[in-house]
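A structural walkthrough
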Amino acid sequence: MKNENDVQIERVYEKQVTVFGKALKIRRLILISLTTVLLGVMGYIEIAAFGWAVVAFIGFCLSLFSFLLYFKTIINFKEYSIEVSPSGDIFVTKLFGHCTICLGNLKVVKKANEFYLQCAEDKNHIWKTQ
Ligand SMILES: [Zn+2]
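Residues numbered from 1 in each chain as written. Predicted model: local features only at pLDDT ≥ 70, side-chain atom pairs only at ≥ 80, totals over all residues. Heavy atoms only, no water.

Attention now moves to unusual backbone geometry. The phi torsion of most residues other than glycine is negative, and most of the peptide bonds are trans. Phi is positive for Thr73, which is not a glycine, with a value near 70°. Located in the positive-phi region is Leu103, a residue other than glycine, with phi close to 65°. Along the chain, Leu103 falls in the loop between β6 (90-96) and β7 (106-111). Classification of Leu103 by relative accessible area gives exposed; the value is 63%. (Helix = DSSP H or I, 4+ residues; strand = E, 2+ residues; numbered from the N terminus. Buried < 20%, exposed > 50% of the residue type's maximum accessible area, 1.4 Å probe, protein only.)

As judged from the six bridges shared by β7 and strand β8 (residues 114-119), these two strands associate in the antiparallel manner. For Lys107, the partnering residue across the bridge sits in β8 and is Gln118. Connecting the antiparallel pair β7 and β8 is a turn made up of two residues, with Ala112 showing a positive phi of about 45°. (Pairing = 2+ DSSP bridges.)

Relative to the assigned elements, Ile74 resides in strand β4 (residues 74-76). The exposure class assigned to Ile74 is buried, which follows from its relative accessible area of 5%. Along the sequence, Ile74 and Lys107 sit 33 residues apart, while their C-alpha atoms lie 9.9 Å from each other. Among all residues touching Ile74, those that are not within four sequence positions of it are Leu69, Ser81, Ile82, Glu83, Leu95, Val108 and Phe115. (Contact = heavy atoms within 4.5 Å.)

Okay, here's the thing in structure tokens:
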């Protein structure tokens, strides 16, 4: 593992996730998704219609995603990342930084409650961050 001052990553894009103009909090997202699952299941018990199964399935996917986000704090997609701030706000961000070894793109990963900058090209190119 290299010195933490060797590499830098910049947040070149940041957009807060809002619903009807209100900030979407991670705990609220979990609550909404679990409610959606419950609604779908209850609806399906009442009327065994395909639509309710779809509602339950969407809710289930959304809860998996929100739990993952809650525990990982950051999820990296190809170009963008979804991050949760310490206050629970959700942001879509774009991070930009280059590995000093191979010039590959850097991404932020969380392992055992610590954040690291990791090279997209080689998983062994990794730096600790605060
Ligand atoms: Zn690299």
